[in-house]
Structures are given as C-alpha cells and as structure tokens.
Amino acid sequence: MQQRFCSCGASIWVRYFFANKHWLAFFYRGDSGDTSTSVCPCCGKPLNIESLR
C-alpha cells in the first residue's frame, strides 16, 4: 500500500490491483488499513487518485 494525502492533509492509504488489463485504486482510511472508503474521512471530499498528494 502507498500512503497519500488529501488536499485537507488527511492520510489516505491506496492499494492498487490489476484486473482486466486496468489498474484499479482502492482507498483506505488513514487510521485503519481494513476499512475502505470513497470519501476523505476528515473533510468528506470524494477521493480521486489524481487529486491525492
């Protein structure tokens, strides 16, 4: 997994999977690697791999 950060500064963990000739990114809360999410746990902004630092 890779650690990335939302524009608000919250920690987001990203795990990549290769499926059907495409890379997929799954996001996990910064405080728990087991809880997937689609929004930032801090500010609620929808997560997009291109917008994470």
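**What to know about the sheet that holds strand S1 (residues 2-5)**
In a beta sheet, neighbouring strands are held together by backbone hydrogen bonds and run either parallel or antiparallel to one another.
Thinking step 1. Pairing within the open sheet is antiparallel, and its 4 strands lie in the order S1-S2-S3-S4. In the strand order of this sheet, the two ends are held by S1 and strand S4 (36-37), each with one partner.
Thinking step 2. Where strand S2 (residues 11-19) and strand S3 (residues 22-29) come together, 8 bridges link them in antiparallel fashion. In the sheet register, Val14 faces S3, and the bridge partner there is Phe27.

**Quick look at unusual backbone geometry**
Thinking step 1. For Asn20, which is not a glycine, the phi torsion comes out positive at approximately 50 degrees.
Thinking step 2. Phi at Lys21 is positive, roughly 65 degrees, even though this residue is not glycine.
Thinking step 3. Residue position: Lys21 is located in the loop between S2 and S3.
Thinking step 4. What makes Lys21 exposed here is its relative accessible area of 74%.

**Section: the pairing of S3**
Thinking step 1. Following S2, the chain reverses through 2 residues before pairing antiparallel with S3; Asn20 in that reversal takes a positive phi of roughly 50 degrees.
Thinking step 2. With 2 bridges joining them, S3 and S4 adopt antiparallel strand pairing. Looking at the pairing, Tyr28 lines up with Ser36 of S4.

About the thresholds
- One numbering rule holds for all chains: residues counted from 1, following each sequence as written.
- Local features in a predicted model are, by the rule used here, given only for residues with pLDDT of at least 70; side-chain atom pairs are given and counted only at 80 or more, and totals for whole chains, interfaces and linings are based on all residues.
- Just so you know, side-chain values use all the structure's heavy atoms and leave hydrogens and water out.
- Two strands make a pair as long as DSSP finds a minimum of two bridges between them.
- Secondary structure elements follow DSSP: runs of H or I no shorter than four residues count as helices, runs of E no shorter than two count as strands, and numbering proceeds from the N terminus.
- Here's how the labels work: a residue is buried when its accessible area is under 20% of the maximum for its type, exposed when over 50%, partly exposed in between, all with a 1.4 Å probe on protein chains only.

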